[in-house]
Amino acid sequence: MAGLLDRIRRARRPPFHTQTPQAARAAYEAAAEVLEPPRAPLARVEDFTLPAADGTALRARLYAPAHGRLPLLLYLHGGGFVVGSLETHDSLCRQLALR
């Protein structure tokens with residue numbers, strides 16, 4: 001995270017804390033593709049929702065390098081739960097699935 005924040009500073013982008021949550025989210029999503037390796041192709045990438053305790057539908061995504069039964073890693077990104085999204089972490093999750 002320190003490296004990411006340093007790259008943002010060197011790019012002279014406004015710090016996230018100086019922006020509204022909506023503006024920070026849009027800025028992060030626009031820059032995510034530049035900061036991450038290319039999105040690896042996978043045999044399965046499926047979007048779905050999971051119900052939260054209060055019934056809110058939470059977006060989720062399944063990444064799998066093959067069809068059939070595979071080991072499972074559940075990746076939950078915290079980071080304040082404001083700025084990041086499925087799209088900003090798509091490349092990372094694809095790389096985890098490949099490995």
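Our subject is the structure listed above.
Residues numbered from 1 in each chain as written. Predicted model: local features only at pLDDT ≥ 70, side-chain atom pairs only at ≥ 80, totals over all residues. Heavy atoms only, no water.

Asks: Could you clarify how one ought to interpret a nonpolar patch on the surface in this entry?
Replies: Taken together, the side chains of Phe48, Leu50 and Leu58 define a hydrophobic patch exposed on the protein surface, amounting to about 260 Å² of accessible area. Take Leu58: it is sitting in strand β2 (residues 57-64). Overall, the relative accessible area of 43% leaves Leu58 in the partly exposed class. (Patch = residues over 30% accessible without salt bridge, like charges linked within 9 Å, V, L, I, M, F, W, Y side chains within 5 Å. Areas by Shrake-Rupley, 256 points an atom, 1.4 Å probe, with all protein chains shown as cover. Salt bridge = Lys/Arg side-chain N within 4 Å of Asp/Glu carboxyl O. Helix = DSSP H or I, 4+ residues; strand = E, 2+ residues; numbered from the N terminus. Buried < 20%, exposed > 50% of the residue type's maximum accessible area, 1.4 Å probe, protein only.)

Asks: I tried to follow the pairing of strand β1 (residues 44-51) on my own but got confused; where do I start?
Replies: Side chains on a regular strand alternate between the two faces of the sheet. In terms of strand pairing, β1 meets β2 through 8 bridges, oriented antiparallel. For Arg44, the partnering residue across the bridge sits in β2 and is Ala64. Between β1 and β2, which pair antiparallel in sequence order, lie 5 residues; one of them, Gly55, sits at a positive phi of approximately 95 degrees. (Pairing = 2+ DSSP bridges.)

Asks: Just checking my understanding: could you explain the layout of surface pockets for this structure?
Replies: Vacant regions in the atomic arrangement are exposed by a probe of water-molecule size rolled over the atoms. Computed from the structure, the largest pocket encloses a volume of approximately 1200 Å³. Forming the walls of the largest pocket are 33 residues, and the residues nearest its centre are Ala60, Arg61, Leu74, Tyr75 and Leu86. Within the residue set of the lining of the largest pocket, elements represented by two or more residues are β1, β2 and α3 (90-98). The element best represented in the lining of the largest pocket is β2, accounting for 8 residues. For the lining of the largest pocket, the class distribution of residues is 22 nonpolar, 6 polar and 5 charged. (1 Å grid on protein atoms, 1.4 Å probe; cavity = no way out; pocket = protein on both sides within 12 Å on 5 of 7 lines; lining within 4 Å. Points joined across faces, edges and corners; volume = space filled by probe spheres on them. Nonpolar A, V, L, I, M, F, W, Y, C, P; charged D, E, K, R; others polar.)

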